[in-house]
Amino acid sequence: MKYVAIYARISRDDLSDEEMKLSREKVLSLSKIKDRIKTLTTEFEENREPDWILENVYWDIESGYSSEREDLIKMFNKVERGLINVVFIKEIGRVARDPLISIPLINLAEAQKIELYSLRLGKYETKTRQMWMFDVFYNDAEYHMTKDRYKIETLSKAKQGFKLTGVPLGYKMIDKIPIVQEKEADIVKEMFQLALKGESLNNIAKKHNMGYTTVKQILMNKTYIGINVYGKYIYFQGKRIKTNDDIIEVPGNWESIIDHDTFYSVQEIIEKRSFKKIRVTDNEKYLLGGVVFCYCGWKLYGMTTRNIQYYACSNKKICRCKMKRENVLKKEVIKKIEDEISNLDHDV
């Protein structure tokens, strides 16, 4: 007897945001999911061979490029343990669009560890491998073309001022436009006024029962002055994807809550306080503090962690150079001085 696994993948695009929040059991009760799986099981029954026993129906709701799929992982584990002999699918693209996921399944069939059936191509055989591989790379290319097309479309919308990401406190998205919510907007205005008067971010956070980071993000969010910031990420098929593009800032199509003068005055206050935290310590304790410069051109400052002295770049926001232990830095400085002296001797 051969144990058969049916696998179905449902794209995230097939469900609304509200439906995606439902439990797995409730999602399965949705007609669009039930019908998809029913179609596949009906086709299986019509094509079933006498020695086939249905082991289980596996299904996931995920992007074709995601490997984080609970049922797919379960199925692969059972295949490797010899508990599944046949895998029945609609087509290889419904298993995955990523060749790194779909090709291993084809290779298992090639090695005769499983029998692989698709409604489109029938049973996998070595002579049909070329057709299966064409499907794999066609689906991969289609995914990337769709993603690139989506990226161009969203970029065009962003340049027109449409808000494509979530809205912060003070707004509610109505018909794809951020609409000011007066009560929440008053809270935001109060936070900016407190910051403008010199109140610390910690105190503002305590007053409004928020975290320090949340308050800082609110005070630095250009949405409040009607600026649409776009470019770092796009949201495609339920996933946040880094674009590596330049950040775009254009006027948004919504009402601002904070005026420009107030917003940028608060930015200056936050910036100054950020630099206050950088300590250029006393020369007795850290001899090289404020004297030695980082590769980026900013001064190094001394600090102690777990009783070990280090030097770090004062340009924390941009520079990614690692801290150096004091003894290591001293040796480098001494070596540099010795080299300079040696060069002077040769010149003489």
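Residues numbered from 1 in each chain as written. Predicted model: local features only at pLDDT ≥ 70, side-chain atom pairs only at ≥ 80, totals over all residues. Heavy atoms only, no water.

Asks: Could you give me a rundown of helix α6 (residues 99-110), with the residues and numbers involved?
Replies: The terminal C-alpha atoms of α6, which comprises 12 residues, lie 15 Å apart, in line with the 16 Å expected from a rise of 1.5 Å per residue. At the exit of α6 stands Gln112, carrying a positive phi of roughly 60°. (Helix = DSSP H or I, 4+ residues; strand = E, 2+ residues; numbered from the N terminus. Expected span 1.5 Å × (residues − 1).)

Asks: Hey, could you go over helix α3 (residues 31-47) for me, with residue numbers and the actual values?
Replies: An α-helix turns once every 3.6 residues. As a result, residues three or four positions apart point the same way. Spanning 17 residues, α3 covers 24 Å between terminal C-alpha atoms, matching the ideal 24 Å at 1.5 Å per step. For α3, the full list of buried residues reads Ile33, Ile37, Leu40 and Phe44. The arc that holds the buried residues of α3, viewed along the axis, is 60°, so those residues lie on one side. Of the exposed residues in α3, those oriented more than 90 degrees away from the buried face are Lys38 and Glu46. Residues of α3 that are buried in the fold lie against β1 (2-10), α2 (24-28), β2 (52-61) and β3 (86-89). (Buried < 20%, exposed > 50% of the residue type's maximum accessible area, 1.4 Å probe, protein only. Arc of directions from axis to C-beta. Contact = heavy atoms within 4.5 Å.)

Asks: Please provide a residue-by-residue account of the nonpolar core, values included.
Replies: Core analysis: the largest hydrophobic core is formed by 26 residues, its most contacted members being Met75, Val87, Ile89, Ile106, Leu116 and Trp132. Mapped onto this core, the elements with two or more residues apiece are β1, α4 (70-80), β3, α5 (92-95), α6 and α7 (129-159). For this core, the element with the highest residue contribution is α6, accounting for six residues. Once residues lying within four places of it in the same chain are set aside, the contact partners of Val87 are Ala5, Met75, Val79, Ile114, Glu115, Leu116 and Tyr117. (Core = buried A, V, L, I, M, F, W, Y, C linked by side-chain atoms within 4.5 Å.)

Asks: Explain the sheet that holds strand β14 (residues 324-325) residue by residue, including any values.
Replies: Strands sit in the order β12-β13-β14 across an open sheet of three strands; the sheet is antiparallel. Edge positions in the open sheet fall to β12 (300-305) and β14, since each of these has one partner strand only. Sheet topology note: the strand β13 (residues 308-313)/β14 ladder contains two bridges and is antiparallel. Residue pairing in the sheet places Tyr311 in a bridge with Lys324 of β14. (Pairing = 2+ DSSP bridges.)

Asks: If you had to explain the sheet that holds strand β5 (residues 122-123) to someone new, which residues and values would you point to?
Replies: Think of a sheet as strands paired side by side through backbone hydrogen bonds, with each pair either parallel or antiparallel. In space, the five strands of this open sheet follow the order β2-β1-β3-β4-β5, with mixed pairing throughout. With partners counted over all chains shown, the strands left at the sheet margins are β2 and β5, one partner each. Relative to β5, strand β4 (residues 115-118) runs antiparallel, the two sharing two bridges. Counted as the bridge partner of Ser118 is Gly122 from β5. On the sheet, α4 packs against β1, β2 and β3 and is oriented at approximately 145° with respect to β2. (Axes fitted to C-alpha atoms, helices over the stretch in contact; angles between N-to-C directions.)

Asks: Describe in detail the packing of aromatic side chains, supporting the description with residues and values.
Replies: For the structure on display, the rule yields 10 aromatic pairs. Both rings, one in Trp52 and one in Phe88, keep their centres 6.3 Å apart while their planes meet at 75°; by these two values the pair is edge-to-face. Placement of Trp52 in strand β2 and of Phe88 in strand β3 is noted, with a sequence separation of 36 residues between them. A centroid spacing of 5.2 Å and a plane angle of 85° characterise the contact between Phe263 and Tyr264, whose relative ring orientation is edge-to-face. On the basis of relative accessibility, which here comes to 1%, the residue Phe263 falls in the buried class. Among the residues examined, Tyr264 registers a relative accessible area of 36% and is labelled partly exposed. In textbook terms, an aromatic cluster arises when at least three aromatic residues are bridged by ring pairs, as seen for Tyr171, Phe192, Tyr224, Phe263 and Tyr264. (Phe/Tyr/Trp six-rings, centres within 6.5 Å; stacked < 30°, edge-to-face > 60°.)

Asks: So, the environment of Gly93: which residues are in play, and what are the values?
Replies: As for its position among the elements, Gly93 is in helix α5. Here Gly93 is in contact with Arg9 and Asn139, once residues within four sequence places are set aside.

Asks: How would you summarise the packing of α4 against α6 if you had to cite specific residues and measurements?
Replies: With their axes 12 Å apart at the nearest point, α4 and α6 run at an angle of 25° to one another. With respect to their mutual orientation, α4 and α6 come out roughly parallel. The handedness of the crossing between α4 and α6 is left-handed. Residues Leu72, Phe76 and Val79 of α4 form the contact with α6, whose participating residues are Ile101, Leu105 and Leu108. Of the residues belonging to the contact of α4 with α6, the class tally is six nonpolar, no polar and no charged. (Parallel < 35°, antiparallel > 145°, perpendicular 65-115°, else oblique. Left-handed = near helix turned anticlockwise from the far one by under 90°. Nonpolar A, V, L, I, M, F, W, Y, C, P; charged D, E, K, R; others polar.)

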